[in-house]
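Understanding the architecture of this molecule
This is what each chain is made of:
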Amino acid sequence: MLFNSYPFLLAFLPITLLGFFVLGRLGKGVGAGWLAACSLFFYAWWDYRYLALLLGSIMGNYLAGGYIARHAGALKGRRALTLAVAANLLLLAYYKYADFFVASLNAVTGGGIPLLGVILPIGISFFTFTQIAFLADAYAGKVTEYRFVYYLLFVTYFPHLIAGPVLHHKEMMPQFDEDRNYRPDASSIAIGVTIFTIGLAKKVLIADSLADYATPVFSAQAEAPSLFIAWGGALAYTFQLYFDFSGYSDMAIGLSRLFGVRLPLNFNSPYKASNITEFWRRWHMTLSRFLKDYLYIPLGGNRHGPLRRKVNLMITMVLGGLWHGAGWNFVIWGALHGFFLAVNHAWQDASGRIPVRLPPRLARGLAVFLTFLCVVFAWVYFRAPDLGTANRFVVGMLGGWGAALPESILSHLGPLRSVLEGLGVAGYLGGGAAFAQTWLWVAAGASIAFLAPNTQEIMGHFEPALSSGALRPARTFVWQARRRDAVAVGLLLALGVLALSRPTEFLYFQF
């Protein structure tokens, strides 16, 4: 079931919310049980056959976590933790990488082993990572709440179940045990509706519109794109993914806030980052936290010198890339980010010895621009259906397939046309409207991403999510509980609902 669909908005959400507050009067366990049951229904709506897999994973990890917690810090606990984590990873590997492994083996050996045709259960990456973090916390003695209904709700909680954020047991359990969260609160509902509405608008009004201009250019059947078409397609996808994921993150936070529960912040204007390390502190923040705490640091982090740190960064990012998808293009995407991070650390080490300093604003502007360029090039490998298409696309972005503009645009450029033709820019017939619309949508997306405050800043006076308290509220567009803001949110919600005639999946559902 999609957040941006009529069944969810007009049936599932009202029934779930009403039932939660009515049954919550009978006790917190009853309310939590209702919410967990609704979350399981939400998951089963996609494919009920995988409900048994989800419940089996929950039962197995709950029992393992209890045993590990009883032997926290001891050898028995460590062995159980190793076995449980291995079982989780094997399950994830089977569903996510079995066919990738067979296809790669066939490519190397020339064999003809038939593919298994395994269907990836939606959300398996997120509920697996959430439970691995629970097991590690249990071994570290950080788990204090063991009531099964709360654990069931912690894993299945529908705002985060199928596309994150990746949750920690210790940050959710105290909230599920709060008496006040089982009673309707006008302030939380107003904040939740506002955040959800902003997220819905990002998804259906911006991201889905940009998709119309990114998808055809990235098609495997598309011809070698010339310079402006390649950049138009790459930037359209760059901002489509931005508003798609940002929209989902806002919607998840807003939905959870309706129940009085704050989710961790997962998205914080990543394109405003001035280096790639900062980018990963702003993009998919809970996944970055998971990879750092449970992969990068156990590998040794930065404790064994600069070279080992760069190797650990590369391993972490390659595995992070592979987590996003079973394909060599995702491996390259992860390796590119590992390389960017290694270069960034080397630059930070060397920059202190450079005597020349640019003005701070100019230096930051250049740093943001360079970081953004790196991210855009890497997104090409993330989005392209195969390596051949990605390589062809990058050649186009570097001008390898020439530069051309529609004749309908060239003819309106006056003296500038001869300058462009002197630089080798050719003209072609047709496609003028699509070309202009692509760049207008790109300009609109860039303006909002770089210049507008983000949702957490707009809602900054109300601490909308965990870890958002450190963010400064925006100077403009600050939401307040007043009539004009209510009218603005109502109009935006109406526009979002009217645009639901063709609901589309969130891009992160694929991972």
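Now for a quick tour of the structure. Keep in mind that what you see is a predicted model, and the values were worked out from it rather than measured. (Residues numbered from 1 in each chain as written. Predicted model: local features only at pLDDT ≥ 70, side-chain atom pairs only at ≥ 80, totals over all residues. Heavy atoms only, no water.)

**Considering the overall build of the protein chain**
Formally: Numbering goes from the N terminus for both helices and strands, where a helix is a DSSP run of H or I of at least four residues and a strand is a run of E of at least two. Radius of gyration here is computed from C-alpha atoms only, and the compact-globule reference equals 2.2 Å multiplied by the residue count raised to the power 0.38. Any residue under 20% of the maximum accessible area for its type is buried, any over 50% is exposed, and the rest in between are partly exposed; the area is computed with a 1.4 Å probe on protein chains only. Here, residues are in contact when the closest pair of their heavy atoms is within 4.5 Å. Only the protein chains shown count as cover for residues, and the accessible areas themselves come from Shrake-Rupley with a 1.4 Å probe. Asp and Glu count as negative and Lys and Arg as positive, but His and the ends of the chain are not part of the count. Every charge is mapped to an atom, namely NZ of Lys, CZ of Arg, CG of Asp or CD of Glu.
Looking only at helices and strands, the protein chain features 20 helices and two strands. Over its C-alpha atoms the protein chain spans a radius of gyration of 24 Å, differing by no more than 12% from the 24 Å that the globule rule assigns to 511 residues. Taking all 511 residues of the protein chain together, 52% fall into the buried category. Counting contacts in the protein chain only where the partners sit at least 6 residues apart, residues at least 24 apart contribute 73% of the total. Accessible surface, the protein chain: about 23100 Å² in total, of which carbon and sulfur atoms supply 67%. In the protein chain, 39 side chains carry a positive charge and 24 a negative one; their mean positions are 9 Å apart.

**With respect to the packing of aromatic side chains**
Formally: Centres within 6.5 Å are what make two rings of Phe, Tyr or Trp a pair, Trp counting through its six-membered ring; a difference in plane orientation under 30 degrees is then read as stacked, over 60 as edge-to-face, and the rest as tilted. By the criterion adopted, a ring carries a charge over it if an Arg CZ or a Lys NZ lies within 6 Å of its centre and within 35 degrees of its normal.
Inspection of every chain in the model, using the stated rule, returns 58 aromatic pairs. Their ring planes at 75° and their centres at 4.9 Å tell us that Y242 and F243 sit as a pair that is edge-to-face. The same class applies to Y242 as to F243, namely buried. Pairing F279 with W283 gives two aromatic rings, centres 5.8 Å apart and planes at 15°, and the pair type is stacked. Look at W283 and you get buried, because its relative accessible area is 0%. Seen from the ring of F506, K203 lies directly overhead, with NZ or CZ sitting 4.9 Å from the centre.

**Focus on the environment of F506**
Examined against the element boundaries, F506 turns out to sit in the segment after α20 (483–498). With a relative accessible area of 1%, F506 lands in the buried category. In this structure the C-alpha to C-alpha distance between F506 and G247, which are 259 residues apart in sequence, comes to 8.9 Å. With sequence-adjacent residues up to four places away left out, F506 is seen in contact with F3, N4, K203, D244, G247, Y248 and M251.

**What to know about the nonpolar core**
Let me state the cut-off plainly: We define the nonpolar core as a collection of buried residues of types Ala, Val, Leu, Ile, Met, Phe, Trp, Tyr and Cys that are connected through side-chain atoms lying within 4.5 Å of one another.
Grouped together as the largest cluster of nonpolar side chains are 138 residues, with contacts concentrated most on F3, F8, F158, F239, Y271, W283 and W379. The dominant element in this core, judged by the number of residues it contributes, is helix α9 (residues 227–258), at 17 residues. Those residues within four positions of F239 in sequence are excluded, and the remaining contacts are L210, Y271, F372, V442, G445, A446, A449 and F450. Listed in part, the six residues of the second largest apolar core include A403, L410, L420 and F435.

**Description of empty space enclosed by the protein**
We count it as follows: Using protein atoms alone on a 1 Å grid, points that fit a 1.4 Å probe yet trap it form a cavity, whereas open point sets bounded by protein on both sides within 12 Å along at least five of seven lines form a pocket; residues with an atom within 4 Å of a point count as lining. Grid points are joined across faces, edges and corners, and a volume is the space filled by probe spheres set on the points.
Inspection of the entire model under this criterion finds one cavity of 30 Å³ or more. Contributing to the lining of the largest cavity are F20, L35, L153, Q175, F176, N181, Y182 and V261.

**A look at helix α1 (residues 6–24)**
What counts, and what does not: For a helix, the expected span equals 1.5 Å multiplied by the residue count minus one. Throughout, the bend at a residue refers to the angle made by two axes, fitted to the seven residues ending there and to the seven starting there.
The first and last C-alpha atoms of α1 sit 26 Å apart over 19 residues, in line with the 27 Å expected at 1.5 Å per residue. Of all the bends in α1, the largest measures some 35° and sits at F12, one to four residues before the proline P14. Every buried residue of α1 is listed here: F8, L9, F12, L13, T16, L17, G19, F20, F21 and G24. Next to the buried residues of α1 lie α2 (28–46), α8 (186–214), α9 and α20.

**A few points about the side chain of D208**
Topologically, D208 is positioned in helix α8. On the accessibility criterion, D208 (12% relative accessible area) is buried. Those residues in contact with D208 that sit more than four places away from it in its chain are K203, R502 and T504.

**Description of the pairing of strand β1 (residues 403–406)**
Using the following cut-off: Pairs of strands are assigned from DSSP output, requiring at least two bridges between the strands.
Neither face of β1 is exposed, since A403 and L405 on one face and A404 and P406 on the opposite face are all buried. Examined bridge by bridge, β1 and strand β2 (residues 425–428) share four bridges and lie parallel to one another. Bridging from a neighbouring strand, A403 pairs with V425 of β2.

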